[in-house]
Structure formats: C-alpha cells, structure tokens
Amino acid sequence: MQLRYNFRVYPNADQCTDLARAFGCSRVVYNDALRARETARAEGEAFPKTGELSTRLITQAKGTEERSWLGEVCSVILQQSLRDLDTAYRNFFASLKGKRKGPKVGRPRFKSRKDHRQSIRFTANARWKITDQGKLWLPKVGEVKVKWSRALPSAPSTVTVIKDAAGRYFASFVVETDDTPLRESADDVGIDLGLGHFAVLSDGTKVSNPRFLRRAEKKLRKAQKDLSRKREGSNNRAKARVKVARAHAGVADCRREFHHQLSTTIIRENQAVFVEELCVKGLGRTRLAKSVHDAGWSAFVGMLEYKAQRYGRTFVKVGRFLPSSQTCSVCWVVDGPKPLHVRTWTCSGCATVHDRDVNASRVVLAAGRKLAREREAES
C-alpha cells in the first residue's frame, strides 16, 4: 500500500525565494502546455504529445530570452507539471465517458500566481535526498530543515513540497508500506455517525462531537471582519488574509488529529468495523450543512477504511437506505420514521425502550455482519 507522510518544513528566506521561483516556473510550463493543447483543439489538430511539449516548452524555451529563467530551477519539476496536466486531461475524458466514479471532473484550467496553495514534485530523477543531519536536500534549493514527527517506514519514491494558504511549507513523501496485521480481536463494532454525538458504538460508547468549527467561530469572525476592512491590494490585506487562513488551518488540523486518534483506537480494538454509508453531499445542502461539514464524516470513514486494510481488519459499509433509526434491534420490527428531536422510543412490537443512536449502531452491526458473511461466501 502506498501512503503519504507529511512533515512541516522550515525554509529560510533565501530558500523561500528559490521555492517561489520553482512554483512560478512550474505554473508557467503548465499554463503553456494547456494553452498549446487548447489551441490545437480549437484548430481541429491532434493534441501534441507530452514529449513534444517537453521539447518545445522546456528544452527549447530555455534558449529563448523570454523563458531563459526556466533554467534556474530543477528541470524535473517542470516535467512533472506536464505529467500533472496529462493526469488532469485523463480524468476529464474518463469523467465524460462515465469511466470515472464520483462527481464530474471539469476541463483543466489555467493556474494563477494568486493561487494560495502551490506545490512542486521531485521524483528520484531529481536526486533529492535526506541528509545524515535529518535535513531535506532539494536541487537548486539546498538543505531545508524538517520537523520529523515520526520515522518513514521505507525509502520514499517522491517528495512534494507544498505551500498552503496559511504560508506554511510541508514536505509530502510517498512511501510503500507493508500490511502489518494486528493481533486478532474477538470484538466487532457497528458505528452510527451523527451530530449530537460524533459517533455512537454498538457497545453503547458515545463519542462527543468536538465541533471544532463552532468553537472557533468567534475567532474566525473577528479575523474575517479585519480582512474585510482592509483595502484591496494592500500589504495589510495580505497579512489579514494569512491570519484568516491560519485560523481555518488550525481548525482543520484539530479535526484531522481527532479523526486519526479515534479511527486508530477503533481499528486496534475491533476485528471488524461496520459503518453506515452516508450521503454527505446531500446532507451538505440542508440547513445542517455547517454542522455536517464540521463533523467531517467522509474523511473519518476514509481513515477507517485504509487503516482496516493496512492492519488486517474487516471493514464494511452498510447501504445508506438501511432504516437503522426505524428498526428495533431486538425483534427487527420497522417502527416507522421519527423526527430528529426524538432520541428515545419504544418498540411497538416488543415494547423495548431504545436509545435512538445506540439502537441504530446495533442495527448497523447486524446488517454489516450479514453483508460480510455474504461476501465471504461469494469469495
């Protein structure tokens, strides 16, 4: 399995300038290639191949006066920008033909120097390396200080240097990891995701919803007001924009850390994990949209899925049309829909009093076990 490991890096002033130059050159080559292909399409000609674009827009362009500065950066990142454009077109055409799952992908667009998130990618051909002192050496940038939070499980194949909207720099390594099965557990768990509680487990455990965005709203509101009062194009507005971005980045970091800790705990303690598939996109259009996006259910379920695969656990998504809030987990009578304010209800079939969320998680557990047995029998 391939995983990404992200680490914060701290370039000095000169290295920030070098990285800004690299970001700009990569963006220019990408835009030139996009313009060449769109021009060919408009004129009814065949799309130029990547090799042809590389020769014309990188090798030959370095010899011209208007593009001579392309030689000041590592050529590998320029080649990678062409590959990124190829990937964007492949995804676009696959989406048009219905071969790509998920929402429709639009046609590739030009990049702007005003984009707040920028990145460049170094492959093994760039001969980047991690020094004995624990620094990241990048061609034509130098040794950049890295804050290592953990060791890499294997030698990375590529590194992507990212500058986010908050002005922070990160190094993202792609590494190949082996599956490391954990000791088998006798426990299975069904999970009901919600807003009152972030997650309710079938054993009765309730995980409170931290509501990171709601807790930070006062700080975000103040930062956004300060930004709106600054004059367009001024240095003070640029500083205020960074403050807003840092506030949002802090919220996102806290949410991601919460998801990682909870998902790791659940995977370690249970042999099989069953969760109900939710239509987050649809719920994001309702009056609960802010709370739904604040919870981040999709990111959490994604973490459960890849960690289950890595550590030898069973992970099953139960269909979203399962009436988990309407079904009694004792006698399996479907008791009809109930408004959200009803948190406890009595089954009309067996008179059992249910906690709405705990009962739903137990229904998910039973449905997940049945689905897992069916898949095992088919295989």
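Residues numbered from 1 in each chain as written. Predicted model: local features only at pLDDT ≥ 70, side-chain atom pairs only at ≥ 80, totals over all residues. Heavy atoms only, no water.

**Details of the layout of surface pockets**
Computed from the structure, the largest pocket encloses a volume of approximately 1300 Å³. Here the element with the most residues in the lining of the largest pocket is helix H6 (residues 235-269); it accounts for nine residues. Within the lining of the largest pocket, the residues separate by chemical class into twelve nonpolar, six polar and 13 charged. Approximately 800 Å³ is the volume found for the second largest pocket. Lining the second largest pocket are 31 residues, with Leu-193, Leu-278, Ser-325, Leu-340 and Arg-356 positioned closest to its centre. Among the elements of the structure, strand S8 (188-193), strand S9 (197-201) and helix H10 (356-378) are those that each provide at least two residues to the lining of the second largest pocket. (1 Å grid on protein atoms, 1.4 Å probe; cavity = no way out; pocket = protein on both sides within 12 Å on 5 of 7 lines; lining within 4 Å. Points joined across faces, edges and corners; volume = space filled by probe spheres on them. Helix = DSSP H or I, 4+ residues; strand = E, 2+ residues; numbered from the N terminus. Nonpolar A, V, L, I, M, F, W, Y, C, P; charged D, E, K, R; others polar.)

**Section: the packing of helix H1 (residues 13-42) against helix H3 (residues 75-96)**
Two numbers describe how H1 lies on H3: the axes approach to 9 Å, and their chain directions differ by 45°. It follows that H1 is oblique to H3 by the angle criterion. Taken as a pair, H1 and H3 cross one another with a handedness that is right-handed. Contact with H1, carried on its side by Ala-22, Cys-25, Ser-26, Val-29, Tyr-30, Ala-33, Leu-34, Arg-37 and Glu-38, involves Ile-77, Leu-78, Ser-81, Leu-82, Asp-84, Leu-85, Asp-86, Ala-88 and Tyr-89 of H3 and no other residues of that element. When the residues that make up the contact of H1 with H3 are grouped by side-chain class, the tally is twelve nonpolar, two polar and four charged. (Axes fitted to C-alpha atoms, helices over the stretch in contact; angles between N-to-C directions. Parallel < 35°, antiparallel > 145°, perpendicular 65-115°, else oblique. Left-handed = near helix turned anticlockwise from the far one by under 90°. Contact = heavy atoms within 4.5 Å.)

**Thoughts on the packing of aromatic side chains**
Counted by the stated rule, this structure contains eleven aromatic pairs. Relative to Tyr-89, the ring of Phe-47 lies with its centre 5.3 Å away and its plane at 75°, an arrangement referred to as edge-to-face. In this pair, Phe-47 sits in the loop between H1 and helix H2 (50-59) while Tyr-89 sits in helix H3, placing the two residues 42 residues apart along the sequence. The partly exposed category is assigned to Phe-47, whose relative accessible area is 27%. You can call Tyr-89 buried: its relative accessible area is 3%. Here the aromatic cluster, defined as three or more aromatic residues joined through ring pairs, consists of Phe-7, Trp-128, Trp-148 and Phe-173. (Phe/Tyr/Trp six-rings, centres within 6.5 Å; stacked < 30°, edge-to-face > 60°. Buried < 20%, exposed > 50% of the residue type's maximum accessible area, 1.4 Å probe, protein only.)

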